[in-house]
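# Examination of the molecular architecture
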Amino acid sequence: MAEGPFFMADTPIHPDHLRMWEKAVYVDENRRTWLPITLKIENNLQVLFRQQDVPLGEPVPPSQLGPHQLPVMWQLYPGLRYRASDSSFWRIVYHVEVSGTEEMLLEQLPDPVNP
């Protein structure tokens with residue numbers, strides 16, 4: 001069997017919460033910064049977060065952020081999911097760390113009241 005290089009991915013601890021600090025920058029409880037990329041695949045909304053260090057200024061109040069598609073905060077819930085500030089639920093599709101870079105993909109779950 002041919003052997004080639006492979007990459008080992010670690011499964012890091014999920015952030016307890018992610019809070020929008022400024023437009024397109026979220027901060028977790030340890031003041032680590034996360035950059036979101038929004039993906040829309042058919043009717044599913046997904047957000048890919050990449051933990052990347054960026055300099056932080058003063059936090060911007062949500063009222064001054066202007067229109068934004070993503071919730072201003074996510075809180076970790078049991079069952080590998082987050083509850084967002086707009087009461088939506090997002091499941092953790094994956095959360096890995098490869099070569100020191102963490103990535104976490106969240107997928108919005110359908111609203112149980114409005115299927």
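These notes cover the structure that comes with them. Fair warning: this is a prediction, and the values are worked out from it, not measured in the lab. (Residues numbered from 1 in each chain as written. Predicted model: local features only at pLDDT ≥ 70, side-chain atom pairs only at ≥ 80, totals over all residues. Heavy atoms only, no water.)

### A look at the overall build of the protein chain
Scanning the protein chain from N- to C-terminus turns up zero helices and eight strands. When the helices and strands of the protein chain are listed from N to C terminus, the series reads β-β-β-β-β-β-β-β. The buried share among the 115 residues of the protein chain stands at 32%. Once local pairs closer than 6 in sequence are excluded, the contacts in the protein chain between residues at least 24 apart make up 46%. As displayed, the protein chain offers around 7700 Å² of accessible surface, 55% of which is attributable to carbon and sulfur atoms. (Helix = DSSP H or I, 4+ residues; strand = E, 2+ residues; numbered from the N terminus. Buried < 20%, exposed > 50% of the residue type's maximum accessible area, 1.4 Å probe, protein only. Contact = heavy atoms within 4.5 Å. Areas by Shrake-Rupley, 256 points an atom, 1.4 Å probe, with all protein chains shown as cover.)

### So, the sheet that holds strand β4 (residues 44-51)
Spatial strand order, β1-β2-β3-β4-β8-β7-β6-β5: eight strands in a closed barrel with antiparallel pairing. Averaged over all pairs of adjacent strands, the angle between their axes in this sheet comes to 35°, without regard to strand direction. In this sheet, strand β8 (residues 101-108) lies alongside β4 in antiparallel orientation, the contact comprising five bridges. From the neighbouring strand, L48 faces β8, where its bridge partner is L105. (Pairing = 2+ DSSP bridges. Axes fitted to C-alpha atoms, helices over the stretch in contact; angles between N-to-C directions.)

### So, the pairing of strand β3 (residues 33-41)
Relative to β3, strand β2 (residues 25-28) runs antiparallel, the two sharing two bridges. Bridge assignment links V27 to a residue of β3, and that residue is T33. One ladder, built from eight bridges, connects β3 with β4; its direction is antiparallel. Along β4, the bridge assignment pairs W34 with Q51. Hairpin connection from β3 to β4: two residues lie between these consecutive antiparallel strands, with E42 at a positive phi of about 55°.

### Some details on the packing of aromatic side chains
Scanning all chains against the criterion turns up five aromatic pairs. Centroid distance F49 to W74: 5.2 Å. Interplanar angle 90°. Geometry classified as edge-to-face. Separated by 25 residues along the polypeptide, F49 in strand β4 and W74 in strand β5 (residues 73-77) bring together distant segments of the chain. Of the two residues, F49 and W74, both sit in the buried class. Centroid distance W74 to W90: 5.6 Å. Interplanar angle 85°. Geometry classified as edge-to-face. Pair noted here: W74 is in strand β5 and W90 is in strand β7 (residues 89-98), with a separation of 16 residues, a long-range link. Aromatic ring contacts, followed pair by pair, group Y26, F49, W74 and W90 into a single cluster. (Phe/Tyr/Trp six-rings, centres within 6.5 Å; stacked < 30°, edge-to-face > 60°.)

The analysis is restricted to geometry; functional conclusions fall outside its scope.
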